[in-house]
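Each chain, written out:
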Amino acid sequence: MKYGRITPWIFLLPTVLGLAFFRLGPILAAFFISFTRWNVITAPSWLGLANYRELLNSEVFWLIAKNTVIFSLVYVPGVMVCGLFLAILVNNKLRGITFFRGLYYLPVITATVAVGVVWSWILSPRFGILTRWLNDLGFVNVPSFLGDSRYALLSLVVVYIWKMAGYHMILFLAGLQGIPEVYYEAAKIDGATPWQTLRHITLPLLSTTTFFIMIIALIQSLQTFDLTFAMTEGGPNNASTTLSFFTYINAFVHFRMGYAASMAFVLFLIVGTITVINFWARKYWVNTIE
Amino acid sequence: MKRKLWIFLALALVASFALTASAQQITLRYFMWDPMFEDMERALIDEFERQNPNIKVEMTAMDPSNYWPRISAMAAAGELPDVFSMSTGYFEQWAQDGLLLNIQEFVDRDLSTDEYFTEVFSENRYPDKQTGDLYAIPYAWVTPVLFYNMDMFDAAGLEYPDETWTWDDFLEAAKKLTIQTDPRRAPEQYGFFWYGRYAQVEPWVYANSGRILNENKTRVAIDENAREALQFLSDLTNVHKVSPPYKEIVGIAQADLFPLRQVAMWVDGSWNIENNRQIGGDDFRFGIAPVPKGPSYVEGDDTTYFWPDSVAISATTPHKEAAWELVKFLVGENRPIESYMAGKVPIHRGLAYSEEWLQKDKYPANMELILQQGEGTGRTTFTLGWSEWRGYAATGGAGMNGELDKVTNGEQNVDQAIKAITDYANSVLERYYPEP
């Protein structure tokens, strides 16, 4: 067979069809559903913009939107710093370093529900080991990390960072190992301190990786669901509910598909906007070595 | 002549079709939500098939979190199974949307009412809980009780609670049962435990003849008696400190606190007997008593929370009679006692009053108490959108549940909570019931 203009499309066809039917299709369907009232078991009825109006007028929604923003603002820098720190740590050529690389990666492949159950226990005020240690160290009024509305969301972020830092470590590690050794040797000869080396060699040469990780971490933070589900159920009183968790609840517990779809679209707009801004800002701080 | 032959042949053909059809097997699809009891249910189905050779049953068991999305999708596609498990939480919606078969005629025709706890049926009536027709039928039901730890009562030198207990008696006992050696730390043992959960709050409201909903069950309207009950509960935590604030018990399955011997008393559904036995172990001695009556209790008001587990028939099933035969069998006396977890009561009186169910050799020793409550009047707070405004399971942190948790945490008082609950709940209920 001759390699004609349509040949590549034939090979692309399965992927394109898959994308169209299983990605684009549902997205379009969800867009239309967001203008309806639909409880799944009966036919949807047209509501116009009512779902969006309800969303914007709902106090709960704004609280949850605020929670989502806080979650992202803490999670993204937190997981990036931890990931980078771990990556630099395991980038040393020491004996047995692969063991530590594996160890730090372990939480990533552990089932989220299991992580949630164990951490719920660790943080539990009555039986939790953390509370007990803090008590033994002399702290008496140890707060309830998951039951107090002031700390619940932050506790979730910390556990989530603990779980995902290993993932970002691997990505950073790949980036670190792509930096040629010669730069470090040159810096050493010039008498640079470790901090200067990090600041002027490692970070600039890592910026493409950093950019990628930032996008991934941001999307992760906005999609967080399973840990919330396993640890706080969004409580106390919605204090740790985020947008994706709330969308799930409305869709599959309350069976308010239209309302949930409108929420998913708001989330989609937020993710889209931030990603566009990121790509625009990229040219100011990301070094692309052509 | 030829024409007559044709007619004869046509008739013969029709007749032969009819004959084969009647001899043909009917296949029913049955969906249930309790994979834990799948084997027992399967054995029950086998027995049904043996007794009804022309009916074949294809059973599917799924856990509830997968069950509802799946079965809702099937309803949307018009492919509901002929017979399926139904929850009181979703019953209103499904009945309103015309997905459930009206089985009133069948029940009137085939079931002898004195063989069943018929008062429990009321939750499956639509549109009205007293006068409506039945659209599902329970195979089991549960009701809340006051659990108490007998060893802790013995150690404190207290009499066990009984039906004569008032709220004052309860409070006095709870105080004596709270043990705190280091005042800087949380008590080692609490007299009682409650948080915003429906099964732990509504029983106290009903025991004080209070109401959370209006007469039509279309709006939240917390009356004075209900307010009094909520205030009593709030004081247990915030004033008398005999019950832990919610924030102190997170991270532990709340149903495990009592069997883990952290609290001396607890009000929740009778189905917890099973968990109490499992977590508490063989040496865990506990009893059950009625929820104590409040100061505003109206004499003779025997209102209790009932929660039936039911089966329903699809409104569109082509095999109504066969499906009813199966349902009748599933709720009847053939169901093995082992398929009820301890504390869930068979709807069939004969089964419930049997030695196997009463289990005199295990704790609690007075299971009859649950059956007595089954003779009372059932009441629940279920409405359309219930899980949304009440806050339940995956949304336990929200709605009325969440607001009451804040009360136990000392973040707001009862009146603030009532206002927040009423505003939020009614904004939800207005969507489902435009008319109050």
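Chemist: Provide a residue-level description of a nonpolar patch on the surface, including the pertinent values.
Modeler: Residues and elements named next belong to chain A. Nonpolar side chains collect at one region of the surface, where Ile-6, Trp-9, Ile-10, Phe-11, Leu-12 and Val-16 lie side by side and expose about 660 Å² of accessible area between them. Tracing the backbone shows Val-16 in helix 1 (residues 7-33). Classification of Val-16 by relative accessible area gives partly exposed; the value is 38%.

Chemist: Tell me about the pairing of strand 11 (residues 307-313) of chain B, residues and numbers included.
Modeler: Residues and elements named next belong to chain B. Within strand 11, seven of the seven residues are buried, which leaves the element mostly enclosed by the surrounding structure. As paired elements, strand 3 (residues 83-87) and strand 11 share five bridges and run antiparallel to each other. Residue pairing for strand 11: Ser-87 is matched across the bridge by Asp-309. Examined bridge by bridge, strand 6 (residues 137-142) and strand 11 share five bridges and lie antiparallel to one another. In the strand pairing of strand 11, Val-142 is matched with Trp-307.

Chemist: Break down the interface of chain B and chain A for me, citing the residues and quoting the values.
Modeler: Taken together, the 42 residues of chain B in the interface contact 34 residues of chain A. Around 3,000 Å² of area is buried between chain B and chain A when both sides are counted, 56% of it from carbon and sulfur atoms. Here chain B and chain A share three salt bridges between them. Across the salt bridge formed by Glu-388 of chain B and Arg-256 of chain A, the nearest N and O atoms sit 3.4 Å from each other.

Chemist: Give a description of the sheet that holds strand 8 (residues 265-269) of chain B that names residues and reports values.
Modeler: All names here are of chain B. Read across the sheet, three strands follow the order 8-7-9 without closing on themselves; strand pairing throughout is antiparallel. The outermost strands of the open sheet, each flanked by one partner alone, are strand 8 and strand 9 (286-289). Strand-to-strand twist in this sheet, taken as the mean axis angle between neighbours without regard to direction, amounts to 35°. One ladder, built from five bridges, connects strand 7 (residues 144-149) with strand 8; its direction is antiparallel. Note that in strand 8 the partner of Leu-146 across the bridge is Val-267. With respect to the sheet, helix 9 (residues 198-206) is in contact with strand 7 and strand 8, its orientation differing from that of strand 8 by roughly 100°.

Chemist: Which residues make up empty space enclosed by the protein, and what are the values?
Modeler: Residues and elements named next belong to chain B. All chains considered together, the criterion is met by three cavities of 30 Å³ or more. Here the largest cavity is characterised by a volume of approximately 150 Å³. Taken together, 15 residues make up the lining of the largest cavity; nearest its centre are Asp-34, Phe-37, Tyr-139, Arg-335 and Ser-339. A per-class count over the lining of the largest cavity returns eight nonpolar, two polar and five charged.

Chemist: Describe helix 3 (residues 59-90) of chain A, naming the residues involved and giving the relevant values.
Modeler: Compared with an ideal rise of 1.5 Å per residue, which puts 32 residues at 46 Å, helix 3 of chain A spans 46 Å between its outermost C-alpha atoms and is within 8% of the ideal. For helix 3 of chain A, the N-terminal cap is Ser-58 of chain A; the gap from its side-chain oxygen to the backbone nitrogen of Val-60 of chain A is 3.3 Å.

Chemist: With reference to specific residues and values, describe the pairing of strand 9 of chain B.
Modeler: Residue and element names in this part refer to chain B. On strand 9, burial covers both faces: Phe-286 and Ile-288 on one face and Gly-287 and Ala-289 on the other are all buried. Pairing between strand 7 and strand 9: four bridges, direction antiparallel. Counterpart to Leu-146 in the pairing with strand 9 is Ala-289.

Criteria and thresholds
Residues numbered from 1 in each chain as written. Chains lettered and ligands numbered in written order. Predicted model: local features only at pLDDT ≥ 70, side-chain atom pairs only at ≥ 80, totals over all residues. Heavy atoms only, no water. Patch = residues over 30% accessible without salt bridge, like charges linked within 9 Å, V, L, I, M, F, W, Y side chains within 5 Å. Areas by Shrake-Rupley, 256 points an atom, 1.4 Å probe, with all protein chains shown as cover. Salt bridge = Lys/Arg side-chain N within 4 Å of Asp/Glu carboxyl O. Helix = DSSP H or I, 4+ residues; strand = E, 2+ residues; numbered from the N terminus. Buried < 20%, exposed > 50% of the residue type's maximum accessible area, 1.4 Å probe, protein only. Pairing = 2+ DSSP bridges. Contact = heavy atoms within 4.5 Å. Buried area = accessible area lost by both parts, 1.4 Å probe. Axes fitted to C-alpha atoms, helices over the stretch in contact; angles between N-to-C directions. 1 Å grid on protein atoms, 1.4 Å probe; cavity = no way out; pocket = protein on both sides within 12 Å on 5 of 7 lines; lining within 4 Å. Points joined across faces, edges and corners; volume = space filled by probe spheres on them. Nonpolar A, V, L, I, M, F, W, Y, C, P; charged D, E, K, R; others polar. Expected span 1.5 Å × (residues − 1). Polar contact = N/O pair within 3.5 Å; in protein donor to acceptor, adjacent residues only side chain to side chain.

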